[in-house]
Amino acid sequence: MGKDYYKTLDVPRSATDDDIKRAYKKMALKWHPDRNQGSEEASRRFKDISEAFEVLSDKDKRTVYDQVGEEGLKGGAVPPGAGPSGFGGFPGTTSFSFTTGPGGSRGFAPSDPQRIFEEIFSGRFAKFGGMGDTGGRTPMSSMFEDTTNGPFFGGMPGGMPHRPSQRATSAPAPQPSEITRPLKLSLEELYSGSTKHLKVSRKLLDGSTEEKVLEIQILPGWKSGTKIRFPRSGNEQPNGESQDLAFVVEDKPHPVFARDGDDLVCHLKIPLVDALTGSDTKKVVELLDGRKLQVQLPVGVVKPAQETRVVNEGMPIRKQASPKKKGDLVVRWDVQFPDRLTPPQKEGIRRILT
């Protein structure tokens, strides 16, 4: 007995396209291998979910599947009412391609599930069953920084693109389906989390402008590149749809710290005499949450740019699978050399170091 794609996505047979898309996005995020590293079950479920979505989101494939099931779809069986070429009786077959299986039969072959995932969450999904890779992948760009522990405002993909015929007249170039704006955040906001209220305006078809206030919950540990998407909050388009509005996180420069992944890097100055002779002196670093941390100089001679690593004093880590809750604080020691030395000082240094 073949697979039950409706059961896989947990939707009824009467489900609409929007129902299927919502179910796919929810389940794909839950079972994505990146969130379930090392789980064979998650990898299998992710592939099954992608396959079910690819079939049920395509009118032609879904019609064939409803009539002859998964085995008939993949085996190239001719459904009742189809044309002489099997699937040729369905319109729009330019996006419905097949591969040749054993014995020369033609049937549906699932596409790369990761590619479907990237396409659907970038808003550029096209139904491409069984086709090879026709373009570069969309960068994931911290996809799960939005979704691991917080809401993900995912845009819904558009309708199925059709290959224009030679007789088709040229249409005006479509507007981008998404408007992207930077969201500059301080390291303090990205460390502790915060709430942002952004006043935005959008153009309506009647020529007027509508204003609204959007609320963004900044989650601790978000990284530069994290995208927060508000579906249908952008300008209205001639087809009646509205563009998605997306904000992409950017780190503001900080006077003390620089971010390196989940680590925080700071520079502390020490005089040359302390670097050479050692010292019990401790340097104080004020952390992003206001705590003051004392950092001991390394033992022995301190070399320029030598590092001291303080574990679990960096940025929060959002990945649930990580054994650590925070990155590290990396202190780089900047040895301060004197601008000049007197002749007796130079002579004394030569005697000591030779």
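Residues numbered from 1 in each chain as written. Predicted model: local features only at pLDDT ≥ 70, side-chain atom pairs only at ≥ 80, totals over all residues. Heavy atoms only, no water.

K.L.:
Quick question: what am I supposed to make of the sheet that holds strand 8 (residues 258-260) here?
P.N.:
The strands making up a sheet are joined through hydrogen bonds of the backbone, oriented either antiparallel or parallel. Sheet architecture is open: four strands sit in the order 8-9-13-12, paired in mixed fashion. With one partner strand each, in any of the chains shown, strand 8 and strand 12 (307-310) form the two edges of the open sheet. On average, each strand axis in the sheet is tilted by 35° relative to the strand beside it, whichever way the strands run. Relative to strand 9 (residues 263-271), strand 8 runs antiparallel, the two being bridged by three bridges. Bridge pairing in strand 9 links Ala258 to Val265. (Pairing = 2+ DSSP bridges. Helix = DSSP H or I, 4+ residues; strand = E, 2+ residues; numbered from the N terminus. Axes fitted to C-alpha atoms, helices over the stretch in contact; angles between N-to-C directions.)

K.L.:
So what exactly am I meant to see when it comes to the side chain of Gln237 here?
P.N.:
With respect to the helices and strands, Gln237 occurs in the loop between strand 6 (227-230) and strand 7 (244-251). Gln237 gets classed as buried once you look at its relative accessible area, which sits at 13%. At 3.3 Å, the side chain of Gln237 and the backbone oxygen of Asn235 are in polar contact. (Buried < 20%, exposed > 50% of the residue type's maximum accessible area, 1.4 Å probe, protein only. Polar contact = N/O pair within 3.5 Å; in protein donor to acceptor, adjacent residues only side chain to side chain.)

K.L.:
When you look at the pattern of salt bridges in this model, what are you seeing that I'm missing?
P.N.:
Oppositely charged side chains can pair when the atoms bearing their charge come close. According to the stated counting rule, one finds 24 salt bridges in the structure shown. For Asp48, the salt bridge is made with Lys3, and the minimal N-O distance between the two is 3.4 Å. One end of the pair, Asp48, is in helix 3 (residues 40-56); the other, Lys3, is in the segment before helix 1 (5-9), and 45 residues separate them in sequence. In this structure, the salt-bridge partner of Lys227 is Glu178, at a minimum N-O distance of 3.0 Å. Pair noted here: Lys227 is in strand 6 and Glu178 is in strand 3 (residues 178-185), with a separation of 49 residues, a long-range link. Judged by its relative accessible area of 18%, Glu178 is buried. (Salt bridge = Lys/Arg side-chain N within 4 Å of Asp/Glu carboxyl O.)

K.L.:
Honestly, the sheet that holds strand 7 in this entry has me stumped. Any pointers?
P.N.:
In space, the three strands of this open sheet follow the order 3-7-6, with mixed pairing throughout. Pairing within the sheet leaves two strands with one partner each, and these edge strands are strand 3 and strand 6. Taking the axes of each pair of neighbouring strands and ignoring which way they run, one obtains an average angle of 25° across the sheet. Pairing geometry for strand 6 and strand 7, over four bridges, is antiparallel. Paired with Lys227 across the bridge in strand 7 is Val248.

K.L.:
Sorry, what's going on with the packing of helix 2 (residues 17-31) against helix 3 here?
P.N.:
A packed helix pair is summarised by two numbers, namely the angle formed by the two axes and the spacing between the axes. It is the contact of helix 2 with helix 3, at a shortest axis distance of 9 Å, that shows an interaxial angle of 165°. As judged from the angle between their axes, helix 2 and helix 3 are roughly antiparallel. In this structure, the crossing between helix 2 and helix 3 has a hand that is left-handed. Contacts between helix 2 and helix 3 involve Asp17, Ile20, Lys21, Tyr24, Met27, Ala28 and Trp31 from the former and Glu41, Ala42, Arg45, Phe46, Ile49, Ser50, Phe53 and Leu56 from the latter. Grouping the amino acids of the contact of helix 2 with helix 3 by side-chain chemistry returns ten nonpolar, one polar and four charged. (Parallel < 35°, antiparallel > 145°, perpendicular 65-115°, else oblique. Left-handed = near helix turned anticlockwise from the far one by under 90°. Contact = heavy atoms within 4.5 Å. Nonpolar A, V, L, I, M, F, W, Y, C, P; charged D, E, K, R; others polar.)

K.L.:
Help me out: how do you make sense of the packing of aromatic side chains in this one?
P.N.:
Note on aromatic pairs: each is described by the distance of the centres and the angle between the planes. The final tally for this structure, using the stated rule, is five aromatic pairs. With centroids separated by 4.3 Å and ring planes inclined at 25°, the aromatic side chains of Tyr24 and Phe53 adopt a geometry described as stacked. You can see Tyr24 sitting in helix 2 and its partner Phe53 sitting in helix 3, a full 29 residues away along the chain. For Tyr24, a relative accessible area of 0% puts it in the buried group. With a relative accessible area of 0%, Phe53 lands in the buried category. Members of the aromatic cluster, joined through ring pairs, are Tyr5, Tyr6 and Tyr65. (Phe/Tyr/Trp six-rings, centres within 6.5 Å; stacked < 30°, edge-to-face > 60°.)

K.L.:
Help me understand the environment of Glu211 in this model?
P.N.:
With respect to the helices and strands, Glu211 occurs in strand 5 (residues 209-218). Considering only alpha carbons, one finds Glu211 and Val200, eleven residues apart in sequence, at a separation of 5.7 Å. Leaving out residues up to four positions away in the same chain, Glu211 has contacts with Lys199, Val200 and Ser201. A distance of 3.4 Å separates the side chain of Glu211 from the side chain of Lys199, its partner in a polar contact.

K.L.:
Before we go on, may I ask you to explain the pairing of strand 9 in this structure?
P.N.:
Looking along a regular strand, one sees side chains alternate from face to face of the sheet. Between the antiparallel neighbours strand 8 and strand 9 lie two residues, among them Gly261 with a positive phi of about 70°. As paired strands, strand 9 and strand 13 (residues 329-336) are joined by eight bridges and run parallel to one another. Following the sheet pairing, Pro271 is matched in strand 13 by Gln336.

K.L.:
What should I look at first to understand helix 3 in this one?
P.N.:
It helps to recall that an α-helix has 3.6 residues per turn; residues three or four apart then point in one direction. The end-to-end C-alpha distance of helix 3 is 24 Å, a good match for the 24 Å that 17 residues give at a rise of 1.5 Å each. The inward-facing, buried residues of helix 3 contact helix 1, helix 2, helix 4 (59-75) and helix 5 (113-121). (Expected span 1.5 Å × (residues − 1).)

K.L.:
What should I look at first to understand the environment of Leu288 in this one?
P.N.:
Mapping Leu288 onto the fold places it in the loop between strand 10 (282-286) and strand 11 (292-296). On the basis of relative accessible area, Leu288 is assigned to the buried category, the value being 10%. Through-space distance from the C-alpha of Leu288 to that of Glu188 is 5.4 Å; in sequence the pair is 100 residues apart. Non-local contacts of Leu288, meaning those with residues more than four positions away in its chain, are made with Leu187, Glu188, Tyr191, His254, Phe257, Leu264 and Met315.

K.L.:
I tried to follow the side chain of Thr308 on my own but got confused; where do I start?
P.N.:
By the secondary structure assignment, Thr308 is in strand 12. According to the relative accessible area criterion, Thr308 is buried, its value standing at 17%. Among the polar contacts listed, one links the side chain of Thr308 to the side chain of Trp333, at a separation of 2.8 Å. With sequence-adjacent residues up to four places away left out, Thr308 is seen in contact with Val295, Gln296, Pro298, Leu329, Val330, Val331 and Trp333.

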